[in-house]
Every structure is written in structure tokens, then in C-alpha cells.
Amino acid sequence: MVELSGILGVVVVALGMVLTPGPNMIYLVSRSITQGRRAGMVSLGGVALGFMVYLVAANLGLSVVFLAVPELYFAVKLAGAAYLAYLAWNALKPGGVSVFAPQDVPHDSSRKLFTMGLMTNLLNPKIAIMYISLIPQFINLDKDHVLFQGLILGSIQIVVSVAVNLAIVLAAGAIAVFLSRRPSWLKAQRYMMGTVLGALAISLAVDTSGPAESS
């Protein structure tokens, strides 16, 4: 029912998205380093729920809502751009700290970790664009059960993203130790991530295409 080409396409898209520095990666890495792997995994649970919310919403007509109310679509895009710009500034500002630099911060409860993971994902413009614009391109409209195809392809994306993010959570501590012994690498990582986030924020803010053009 779901073509192999569609499955492979979603896997490639999911890998490209999850490996690009963004709010989810920053939050999961920071929580894992400052509060341990368990905190990172609890936060990942919230991120995973965010994926599921988008999956269900997109397949039940979120794109239709955005088409009917384009102002809402642009509001989501601008909110996401502002969030990315904020993260970029935190990375690039004088005295900024790398996401891989251990910090002494108050430990959050499991409920707060989970909730923050959820909200970080729901406010992530990359995820909204992926579910509304990219994944639907791999659905075969000539076959039946379009809704089922969308749910299957979205589930594959979730599995790929959660698996990669789990690897990042488990490796964050080791990466932090490696970079802490190489201050110049840590600084380069901070500037590189800040630049990527800033470029994404600008690209999203100046993009005037509506949901119809995006899909």
C-alpha cells in the first residue's frame, strides 16, 4: 500500500532534518549534559509526543486549515523564525556558551523536562514544514487509503528521528568531554551552529510563499 520509494524518500528527508542543528537538538543536548542521560531521554519523550501531535494534525487536515487561514500559517512561520533567531543569538553573542559546554543550572523536574521537550518540538518550524509540505509529496494519491499512507510515512519519520535523537542524547556527554579538551573546537562549534540557526531564521522570515506553494 505504501510504495518503497515513498518510504526511502521519507527516511532521507527525516535524516536530513534531524541531523540539521535546530531547537530539538539544542534542547536535548543541553539537558543531557547539564542533567544527565535520563533527563535527555525524558525530554526526548516530549519531543516524540510533539511529532505525534503533528502527525495526527497533518493527516486530519492541518494543511486545510492553513490554506483556509493563511495568516495562521505565516504566524507559525514567523514564531518559528523568531525562536531560531533567539537560539542563534544565544550562540553567537559575546560570552555565549556552546550547547556542548557543561553548565551549572537548576535541575528541572521530569514533568517540566517532558513539557519543554514537547513545546520545543511544537514550536520547531522545521517539523511543521516537514509534515505539511514534505511528507505529503511521498503519498501516492492514485492508491486508496491516503490517510493510512500518511500515518505510516509519518510514523517512519518519527522512528528515524527518535532513533537519531536518542543516539545524540547518549553521546552528548562524551562529545562534551571531547570538545572541552579542545576549546577552539568548542568555539568553532558554537559559531557554526549559531550561523546555521541564523540562516534558517532569515530564510524562514523572508519566505513569502503560502501553504499552497510550499506543498
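Residues numbered from 1 in each chain as written. Predicted model: local features only at pLDDT ≥ 70, side-chain atom pairs only at ≥ 80, totals over all residues. Heavy atoms only, no water.

Participant: Report on the overall build of the protein chain, specifying residues and quantitative values.
Facilitator: The helix and strand inventory of the protein chain stands at nine helices and zero strands. Secondary structure elements of the protein chain, listed N to C terminal, follow the sequence α-α-α-α-α-α-α-α-α. By residue count, 45% of the 215 residues in the protein chain fall in the buried class. Partitioning the contacts of the protein chain with sequence separation of at least 6, the portion at a separation of at least 24 is 86%. Per element, the accessible surface of the protein chain, about 10900 Å² overall, is 70% carbon and sulfur. (Helix = DSSP H or I, 4+ residues; strand = E, 2+ residues; numbered from the N terminus. Buried < 20%, exposed > 50% of the residue type's maximum accessible area, 1.4 Å probe, protein only. Contact = heavy atoms within 4.5 Å. Areas by Shrake-Rupley, 256 points an atom, 1.4 Å probe, with all protein chains shown as cover.)

Participant: Tell me about the pattern of salt bridges, residues and numbers included.
Facilitator: Taken as a whole, this structure holds two salt bridges when the rule is applied. The salt bridge partner of D108 is R31, with a shortest N-O separation of 3.1 Å. Of the two residues, D108 sits in the loop between α4 (70–92) and α5 (110–122) while R31 sits in helix α2 (residues 23–35), which places them 77 residues apart along the sequence. In this structure, the salt-bridge partner of D108 is K112, at a minimum N-O distance of 3.7 Å. Among the residues examined, K112 registers a relative accessible area of 45% and is labelled partly exposed. What you see here is one network of salt bridges that share partners, running through R31, D108 and K112. (Salt bridge = Lys/Arg side-chain N within 4 Å of Asp/Glu carboxyl O.)

Participant: So what's going on with the nonpolar core? Which residues, and what values?
Facilitator: With 22 residues, the main nonpolar core has F51, I127, M130 and Y131 as its most contacted residues. Of all elements in the fold, only α1 (4–18), α3 (37–68), α6 (125–134) and α7 (146–180) reach the threshold of two or more residues within this core. It is α3 that contributes the most residues to this core, six residues altogether. Discounting residues that sit within four places of it in the chain, Y131 has contacts with F51, Y54, L55, A58, P136, G154, Q157 and I158. (Core = buried A, V, L, I, M, F, W, Y, C linked by side-chain atoms within 4.5 Å.)

Participant: I'd love a proper account of a nonpolar patch on the surface, names of residues and values included.
Facilitator: A contiguous nonpolar patch, built from L49, M52, V53 and F114 and spanning about 310 Å² of accessible area, is present on the exposed surface. It is α3 that provides the largest number of residues to the nonpolar patch, a total of three residues. With respect to the helices and strands, L49 occurs in helix α3. L49 gets classed as partly exposed once you look at its relative accessible area, which sits at 31%. (Patch = residues over 30% accessible without salt bridge, like charges linked within 9 Å, V, L, I, M, F, W, Y side chains within 5 Å.)

Participant: Give a detailed account of the side chain of Q35, specifying residues and quantitative values.
Facilitator: Take Q35: it is sitting in helix α2. Within the structure, Q35 has its side chain in polar contact with the backbone oxygen of D108 (distance 2.7 Å). The residues contacting Q35, other than those within four sequence positions of it, are H107, D108 and L113. (Polar contact = N/O pair within 3.5 Å; in protein donor to acceptor, adjacent residues only side chain to side chain.)

Participant: Give me α2: which residues, what numbers.
Facilitator: With 13 residues, α2 ought to run about 18 Å at 1.5 Å a step, and its terminal C-alpha atoms sit 18 Å apart, in line with that. The first or second residue beyond α2 is G36, which carries a positive phi of 100 degrees. (Expected span 1.5 Å × (residues − 1).)

Participant: Describe the confidence of the model for the protein chain, listing the residues and the values that go with them.
Facilitator: Taken over all residues, the pLDDT of the protein chain has a mean of 78, while the share at 70 or more is 76%. Ranking the helices and strands of the protein chain by mean pLDDT puts α5 first, with 93, and helix α9 (residues 211–214) last, with 52. (pLDDT = per-residue confidence, 0-100.)

Participant: Residues and numbers for the environment of S203, please.
Facilitator: Relative to the elements of secondary structure, S203 occurs in helix α8 (residues 183–206). S203 gets classed as partly exposed once you look at its relative accessible area, which sits at 44%. Between the alpha carbons of S203 and A81 there is a distance of 8.3 Å; along the sequence they are 122 residues apart.

Participant: How would you explain the side chain of N24 if you had to name every residue and give the values?
Facilitator: One can find N24 in helix α2. Excluding residues that lie within four positions of it along the chain, N24 makes contacts with V47, F51, T120, N121, N124 and I127.

Participant: Pulling in residues and values, what's your account of the packing of α2 against α5?
Facilitator: Relative to each other, α2 and α5 sit at 160 degrees, their axes nearing to 9 Å. Taken together, the axis directions place α2 and α5 in an arrangement best described as roughly antiparallel. Here the hand of the crossing between α2 and α5 comes out right-handed. On the side of α2, the interface is formed by P23, N24, Y27, R31 and Q35, while α5 contributes K112, L113, M116, G117, T120 and N121. Class assignment for the residues of the contact of α2 with α5 results in four nonpolar, five polar and two charged. (Axes fitted to C-alpha atoms, helices over the stretch in contact; angles between N-to-C directions. Parallel < 35°, antiparallel > 145°, perpendicular 65-115°, else oblique. Left-handed = near helix turned anticlockwise from the far one by under 90°. Nonpolar A, V, L, I, M, F, W, Y, C, P; charged D, E, K, R; others polar.)

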